[in-house]
Every structure is written in structure tokens, then in C-alpha cells.
Amino acid sequence: MNVEHFRSSQYHQSTWSGGKTTELFLFPPEANYQRRVFDYRISSATIEEQYSMFTVLPGYNRLLMPLEGSVTLTNSEQTVRLETFDVGEFDGELSTTSVGKCVDFNLIYKKSMQGEMKRVQTHNSLYSVEKDCYLYCVEQCTVKIKHVTYFLKQSDSLALTGITERTAIELLPKDDVVKLIYVSCN
């Protein structure tokens, strides 16, 4: 198993019609988001306008989670209000609008894949993973993986690849605060 530690200074930031977006992880390594040649993309964005339009991405599904604030997403199939740490899923092909200002966390992935996103609270302390995943730090914490300790600052992340067996992750300190966002895509 390989663990890569990313710090906020390593991320690429750009502007979109509703605010700013920070690309956290793009797979595979030779992928290109602008040309729409990628399997999946993990990002965080600010929605700074009360009303905004999401980029249409044919061939992709999207998961979105507000990290701060709330947002209402509307397209031809649904209207859903997402509060902090709720996860919404929608088809990237659909013209989707948002109402509300927030900081969000996103997973965009090919329709041929399965994506998962959820919050991780440290009150359980031990968390196990069975497949390659990405951990994004919402609030400073310590993560132990196979006897190696990672000190994560807010916005740091870990990419765990080459997982072949159930792997335990210990999160510290133990409290009931959301510390990490777990993402997997396969």
C-alpha cells in the first residue's frame, strides 16, 4: 500500500462562474480536467454567488457535500437541499443550478465507475478501508495507518492506493467532530 500526503500548497486553484475551485486530486496522473480526459476528480469550491450554474459534464456523475453553509441544487430530475456534510448526487450531463452560498467538496467520476463520499467522525477512533481511497482533512487531526503517523492540518489530504487487504486507520483525537471526508472511486 502507498500513502501520499498532500498539503494545501500543492493544490491547483482556478476560477469558475460561481466562485473559486481547488483541484485536490485528479486520476489517473496523466489526466486533464480541461480536456475532460479523466476517470475522477476531487475538488473543493466556493459558491460565492447566490445563484450559479454548474459546469455540464457529459459522461460523468457528481457527488457534492457542503463543508460550510448550505445549497439547493436543481435540475430536470430533482431539487435537493444540502446542509453541511449532507451528500447529494446528480448526473453531470444535466444542467444544474444552485441557490445559496457555501464551501463544497466534490467528486466527479465517469459513469462507468462507482463513487462514494462520506464524513468521518473520530468518536469511533478506528476506521477501516478495503479499497483505494482519499481522505480530506476538514479539521486538524492525527491519522495512524500501519504504524505510521500523519499529522494533518486543515485542507491536507492522504491518497491511499494499492490497498489489497482491510486496512485500519486510527483517528485522533477522539471526539464527535467531523475531521475527515472519505472518498473512494472504482
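The present account deals with the structure reproduced in this document. (Residues numbered from 1 in each chain as written. Predicted model: local features only at pLDDT ≥ 70, side-chain atom pairs only at ≥ 80, totals over all residues. Heavy atoms only, no water.)

1. Some thoughts on the sheet that holds strand β9 (residues 88-91)
Judged by pairing direction, the sheet is antiparallel, and its six strands sit side by side in the order β2-β3-β4-β11-β6-β9 without closing on themselves. At either end of the open sheet lies a strand with only one pairing partner, and these are β2 (12-16) and β9. Each adjacent strand pair in this sheet contributes to an overall mean axis angle of 25°, direction not counted. (Pairing = 2+ DSSP bridges. Helix = DSSP H or I, 4+ residues; strand = E, 2+ residues; numbered from the N terminus. Axes fitted to C-alpha atoms, helices over the stretch in contact; angles between N-to-C directions.)

2. Notes on unusual backbone geometry
Along the chain, phenylalanine 27 connects to proline 28 via a cis peptide bond; the corresponding omega equals 0°. Its location among the elements puts proline 28 in the loop between β3 (19-27) and β4 (40-47). Non-glycine residue arginine 36 carries a positive phi angle of around 65°. Tracing the sequence through the fold places arginine 36 in the loop between β3 and β4. What makes arginine 36 partly exposed here is its relative accessible area of 34%. Not every positive phi belongs to a glycine, and histidine 147 is a case in point at roughly 70°. Secondary-structure assignment places histidine 147 in the loop between β15 (141-145) and β16 (148-152). (Buried < 20%, exposed > 50% of the residue type's maximum accessible area, 1.4 Å probe, protein only.)

3. Observations regarding the environment of isoleucine 108
Tracing the backbone shows isoleucine 108 in strand β11 (residues 102-110). Judged by its relative accessible area of 1%, isoleucine 108 falls in the buried class. Counting along the chain gives 103 residues from isoleucine 108 to histidine 5, while the straight-line C-alpha distance between them is 21 Å. If we ignore the near neighbours within four places in the chain, the residues touching isoleucine 108 are Tyr33, Phe38, Asp39, Tyr40, Arg41, Leu57, Tyr60, Asn61 and Arg62. (Contact = heavy atoms within 4.5 Å.)

4. Things to note about the nonpolar core
As a rule of thumb, soluble globular proteins bury nonpolar side chains together. Ile42, Phe105, Tyr134 and Ile181 are the most contacted members of the largest nonpolar core, which totals 23 residues. Breaking this core down by element, the ones donating at least two residues are β3, β4, β6 (60-69), β11, β14 (133-137) and β19 (178-185). Looking at which element gives the most residues to this core, the answer is β19, with four residues. With sequence-adjacent residues up to four places away left out, isoleucine 42 is seen in contact with Thr22, Glu23, Leu24, Phe25, Phe105, Asn106, Leu107, Tyr134 and Val183. Judged by nonpolar contacts, the second largest core, of 19 residues, contains Val3, Val120, Cys141 and Tyr182. (Core = buried A, V, L, I, M, F, W, Y, C linked by side-chain atoms within 4.5 Å.)

5. A few points about the sheet that holds strand β10 (residues 97-99)
Sheet strands pair via backbone hydrogen bonds, and the direction of the pair is either parallel or antiparallel. The sheet built from four strands is open, its strands ordered β5-β10-β7-β8 with antiparallel pairing. What marks the edges here is a single partner per strand, and that holds for β5 (51-53) and β8 (79-82). Across the sheet, the axes of successive neighbouring strands diverge by a mean angle of 20°, strand direction being ignored. Summarising the sheet, strand β7 (residues 71-74) and β8 pair through four bridges and their orientation is antiparallel. Pairing of threonine 72 across the sheet is with arginine 81, part of β8.

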